[in-house]
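Structure assessment
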Amino acid sequence: MESIAKEHKTSIMIIEARLTDKTLMKLEEQVVDKLYQREIITPKLHIKFTEEIEKGILSDIDRVF
């Protein structure tokens, strides 16, 4: 396992970075939902923010498949 990690260090780092980005986007989505539930943002803003976040989450799916 260590030899594979050393051999593919760059690829692993890229994957970890992408997973971190997606995790942060999911947290951002939760914050937007809470802001909407507390009526701090409008339904229109909630939809806009949610769409942008989902687009970011799904942005590299085409590259995987």
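Please refer to the structure placed before this passage.
Structural notes, computed from the coordinates. Model, not experiment: these values are computed from the prediction.

1. Focus: the overall build of the chain
- Of the regular secondary structure elements, the chain holds 4 helices and 0 strands.
- Along its sequence from the N terminus, the chain presents helices and strands in the succession α-α-α-α.
- In terms of C-alpha radius of gyration, the chain reaches 16 Å, well past the compact-globule figure of 11 Å for 65 residues.
- Considered along the principal axes of its C-alpha atoms, the chain spans approximately 50 × 20 × 10 Å.
- The buried share of the chain, reckoned over its 65 residues, is 12%.
- Treating the 11 positive side-chain charges of the chain as one cloud and the 13 negative ones as another, the clouds have centres 2 Å apart.

2. A closer look at the side chain of histidine 46
- You can see histidine 46 is positioned in helix 3 (residues 43-57).
- For histidine 46, the contacting residues outside a window of four places in its chain are Val32, Asp33, Tyr36 and Ile41.

3. Considering the pattern of salt bridges
- By the definition in use, this model includes 3 salt bridges.
- The closest approach of N and O atoms between lysine 48 and glutamate 52, which form a salt bridge, is 3.7 Å. Placement of the pair is lysine 48 and glutamate 52 together in helix 3, with a separation of 4 residues, close to one helical turn.
- The exposure class assigned to lysine 48 is partly exposed, which follows from its relative accessible area of 46%.
- We classify glutamate 52 as partly exposed; its relative accessible area is 39%.

4. Section: the environment of glutamine 30
- If you trace the backbone, glutamine 30 turns up in helix 2 (residues 9-37).
- In this structure, the C-alpha to C-alpha distance between glutamine 30 and serine 3, residues 27 residues apart in sequence, is 38 Å.

5. Some remarks on helix 3
- With 15 residues, helix 3 ought to run about 21 Å at 1.5 Å a step, and its terminal C-alpha atoms sit 21 Å apart, in line with that.
- Within the sequence span of helix 3, burial applies to His46, Ile53, Gly56 and Ile57. Buried residues of helix 3, viewed axially, fall in a sector of 100 degrees; they line one side. Opposite the buried face of helix 3, by more than 90 degrees, sit the exposed residues Lys44 and Lys55.
- The inward-facing, buried residues of helix 3 abut helix 2.

The rules behind the values
- Residues numbered from 1 in each chain as written.
- Predicted model: local features only at pLDDT ≥ 70, side-chain atom pairs only at ≥ 80, totals over all residues.
- Heavy atoms only, no water.
- Helix = DSSP H or I, 4+ residues; strand = E, 2+ residues; numbered from the N terminus.
- Rg over C-alpha atoms; globule rule 2.2 N^0.38 Å.
- Buried < 20%, exposed > 50% of the residue type's maximum accessible area, 1.4 Å probe, protein only.
- Lys, Arg positive; Asp, Glu negative; His and termini not counted.
- Charge placed at Lys NZ, Arg CZ, Asp CG, Glu CD.
- Contact = heavy atoms within 4.5 Å.
- Salt bridge = Lys/Arg side-chain N within 4 Å of Asp/Glu carboxyl O.
- Expected span 1.5 Å × (residues − 1).
- Arc of directions from axis to C-beta.

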